[in-house]
Amino acid sequence: MSLTAGIVGLPNVGKSTLFNAITKKNILAANYPFATIDPNVGIVTVPDKRLDFLNNLYKPVSLVPTAFEFTDIAGLVKGASTGEGLGNKFLSHIREVDAIVEVVRCFDDKNIIHVENVVDPIRDIEIIEVELILADLEIIENRFNKIGKKAALSKDKDVKKEAELLEKLQKALEANIAIRKLELDEDEKKMIKPFNLLTAKPIIYMANVSEDDILKGTNEYVKKVQEYAKKEKSGVIVVCAKIESELSDLSDEEKNTFLKELGIEESGLDKLIKATYSLLGLKTFFTAGSDEVRAWTFKDGMKAPQCAGIIHTDFERGFIKAEIMSYDDLVDCGNEKLVKEAGKMRLEGKDYIMQDGDICYFRFNV
C-alpha cells in the first residue's frame, strides 16, 4: 500500500531543509522563493522496533520495513490558485497525496527572508488554506455547471444526490470552510473521492522552531498554532529543521546519543510518521520466515482478504484462511512453536478484522 504525504508551506519556512533531513536527499535548499521547482519525492522507512525482535528471532535472508513517501512541493504564495508564484502546477501535485504536512515557520531570524516580511504562523496557515479552498471551489463549480441543469430535470437519484452534495460543498467553501471540517457520511465521501479535493485531505502542522526552542518544546508561535489546530482537530509536530538536518548524517547509534544529550525523546521524523499513521488510520501487520521478515501497512478496519491482497491480488482472490499470531504473544512465548503449543495460533476467515501487530501466513488457492 503506497502512501504519500505532501510537504507544503510558504517559501522560506524550512520546508526543503526538513525534506532533505527526513529523506536524506540533498535537494536545493536556498534562501529565496521557489528553490524547489519540481516536486521532489523521497521514500523513508518507517521505524518499528518490533522488526528488530523478528529479525533476531527468524534471522531472515532479507528484512523489509514498511515505507512512506514524502513529496516536497514548491512554496505556495498568496494568489497561487489564480497562478501567482508558480501557481496551479503545484496545487495539482498536492491533489495526488494522501495527507498534507504543512510546515509553519515559528522562529525569528533576520537572516532568513519571510515572504510576507513578518513572522506570523496563523496568517501563513490562513494564506495557504484560502488558496486550497479557492482551488477546490473551482473544481466544485465546474462540476456543478456540468450536472446542475441535468439534475434539475433528471429523475436519476444519483445525479440529484451529487448535485445536492456539490451545492453543500460550494456553500461551505464560499464561507471559507475546508471540506475536512464538514460531517460527511460514507456515501458522500465516496462521491467526492474522484475529485481529489485539497481541503478534504487530513492535515498535520509541522512547527519549525529554533534550536533553543526545540529544547523547551514550544514558544509563543507554537502555542498559537496548537490552539488553531485544536479547533479543527488536527495535529501539531514541533521540529527544528536545523537539528533534523544534523541528525540525518548520523548513524542510528550516534543519533540516539545525540538526542539523549539534547534531552529529546525522538526525532521529528519519528514523531511525524507516528502522527501521520494515526491521522490516516494506518496499522502494520507482518509476514515472517527464514526467507523474509516484512512489515506491511494497512488501513484500520480492513479484513484479512483485503490485507492479503496488499501482498498480491491472487492472495485476495483465492483467499481461504489466515494463520495468525499476535506479536505480543510471540514475544511472551518466545518462538512460533511455543505460540502453537499455548493455543495462541489462530485460523481466521474472511470476516476477520486485522489487528496491528498480527503476524500472518495467508492460505489461498487460485
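## A look at the overall build of the protein
Then, in step 1: What the protein contains, in helices and strands, is 15 helices and 12 strands.
Then, in step 2: Here the protein, with 366 residues, has 48% of them falling under the buried criterion.
Then, in step 3: When contacts within the protein are restricted to residue pairs at least 6 apart in sequence, long-range pairs at least 24 apart make up 68% of them.
Then, in step 4: By element, 49% of the accessible surface of the protein is carried by carbon and sulfur atoms, the whole surface being about 18800 Å².

## Some remarks on the nonpolar core
Then, in step 1: In terms of nonpolar packing, the biggest core is built from 57 residues, with Phe68, Phe70, Ile94, Cys106, Tyr205 and Met206 touching the most fellow members.
Then, in step 2: Take this core: its biggest share by element is 6 residues, from helix α4 (residues 121-153).
Then, in step 3: Beyond its immediate stretch of four places on either side in the chain, Phe68 contacts Leu3, Thr4, Ala5, Gly42, Ile43, Val44, Val46, Thr276, Tyr277, Leu280 and Leu282.
Then, in step 4: Of all hydrophobic cores here, the second largest spans 16 residues; its members include Leu137, Ile147, Leu169 and Ile179.

## Section: the state of the cysteines
Then, in step 1: Scanning the model with the defined rule gives 0 disulfides in all.
Then, in step 2: Counting only cysteine sulfurs, Cys307 is the nearest neighbor of Cys360, a cysteine outside any disulfide, at a range of 7.2 Å.

## Focus on the pattern of salt bridges
Then, in step 1: In this structure the tally under the stated criterion is 25 salt bridges.
Then, in step 2: With a shortest N-O distance of 3.3 Å, Lys283 and Asp300 are connected by a salt bridge. Taken together, the residues Lys283 in strand β8 (residues 282-288) and Asp300 in the loop between β9 (292-299) and α12 (304-311) connect sequence positions 17 residues apart.
Then, in step 3: Of the residues examined, Asp300 reaches a relative accessible area of 49% and is grouped as partly exposed.
Then, in step 4: Of the charged contacts in the structure, one is a salt bridge between Arg363 and Glu323, with a shortest N-O distance of 2.9 Å. Note that Arg363 is positioned in strand β12 (residues 358-364) and Glu323 in strand β10 (residues 319-326), a separation of 40 residues in sequence.
Then, in step 5: With relative accessibility at 36%, the residue Arg363 sits in the partly exposed group.
Then, in step 6: Here the salt bridges share partners, and the residues they tie into one network are Glu129, Arg180, Lys181 and Glu232.

## Let's talk about the confidence of the model for the protein
Then, in step 1: Considering every residue of the protein, the mean pLDDT works out to 86; 89% of them sit at 70 or more.
Then, in step 2: Put simply, helix α3 (residues 88-94) is where the protein has its lowest mean pLDDT, 63, and helix α14 (residues 327-333) is where it has its highest, 97.
Then, in step 3: Segment residues 83-88: pLDDT under 50, and 11 contacts once partners within four positions in sequence are set aside and those in other chains are kept.

## A word on α12
In an α-helix there are 3.6 residues to a turn, and that puts residues three or four apart on one side.
Then, in step 1: Burial runs high along α12: 6 of the 8 residues are buried.
Then, in step 2: Residues of α12 that are buried include every one of Ala304, Pro305, Cys307, Ala308, Gly309 and Ile310, and no others.
Then, in step 3: Looking at the buried residues of α12, the elements they touch are β8, β9, α13 (313-317), β10 and β12.

## Quick word on the packing of aromatic side chains
Then, in step 1: Taken as a whole and assessed by the stated rule, the structure comprises 9 aromatic pairs.
Then, in step 2: Both rings, one in Phe68 and one in Phe70, keep their centres 5.3 Å apart while their planes meet at 35 degrees; by these two values the pair is tilted.
Then, in step 3: In this structure Phe68 comes out as buried when scored by relative accessible area, which is 1%.
Then, in step 4: Overall, Phe70 belongs to the buried group, its relative accessible area being 0%.
Then, in step 5: With a centroid separation of 5.9 Å and an interplanar angle of 40 degrees, the aromatic rings of Phe68 and Tyr277 are classed as tilted.

## Thoughts on the sheet that holds strand β7 (residues 235-239)
Then, in step 1: Sheet architecture is open: 6 strands sit in the order β2-β4-β1-β5-β6-β7, paired in mixed fashion. Unpaired on one side and paired on the other, β2 (40-45) and β7 mark the two borders of the sheet. Neighbour-to-neighbour, the strand axes of the sheet open up by a mean angle of 25 degrees, direction not taken into account.
Then, in step 2: One ladder, built from 6 bridges, connects β2 with strand β4 (residues 67-72); its direction is antiparallel. Bridging from a neighbouring strand, Gly42 pairs with Phe70 of β4.
Then, in step 3: Contacting β5 (99-105), β6 (203-208) and β7, helix α8 (residues 220-231) crosses the sheet at an angle of about 160 degrees to β7.
Then, in step 4: Against the sheet, helix α11 (residues 268-280) touches β2, β4, β5, β6 and β7, its axis set at about 160 degrees to β6.

## Here's the deal with the environment of Ala21
Then, in step 1: Note that Ala21 resides in helix α1 (residues 15-23).
Then, in step 2: For Ala21, the contacting residues outside a window of four places in its chain are Glu244, Ser245 and Ser248.

## Some thoughts on the pairing of β10
Then, in step 1: Burial of β10 is extensive: 6 of the 8 residues sit out of reach of the surface.
Then, in step 2: Of the strand pairs in this sheet, β10 and β12 are connected by 7 bridges, and their pairing is antiparallel. If you follow Lys321 over to β12, its bridge partner there is Arg363.
Then, in step 3: The pairing of β10 with strand β11 (residues 346-348) spans 3 bridges and is antiparallel. Along β11, the bridge assignment pairs Glu323 with Leu347.

The rules we used
Residues numbered from 1 in each chain as written. Predicted model: local features only at pLDDT ≥ 70, side-chain atom pairs only at ≥ 80, totals over all residues. Heavy atoms only, no water. Helix = DSSP H or I, 4+ residues; strand = E, 2+ residues; numbered from the N terminus. Buried < 20%, exposed > 50% of the residue type's maximum accessible area, 1.4 Å probe, protein only. Contact = heavy atoms within 4.5 Å. Areas by Shrake-Rupley, 256 points an atom, 1.4 Å probe, with all protein chains shown as cover. Core = buried A, V, L, I, M, F, W, Y, C linked by side-chain atoms within 4.5 Å. Disulfide = S-S within 2.5 Å. Salt bridge = Lys/Arg side-chain N within 4 Å of Asp/Glu carboxyl O. pLDDT = per-residue confidence, 0-100. Phe/Tyr/Trp six-rings, centres within 6.5 Å; stacked < 30°, edge-to-face > 60°. Pairing = 2+ DSSP bridges. Axes fitted to C-alpha atoms, helices over the stretch in contact; angles between N-to-C directions.

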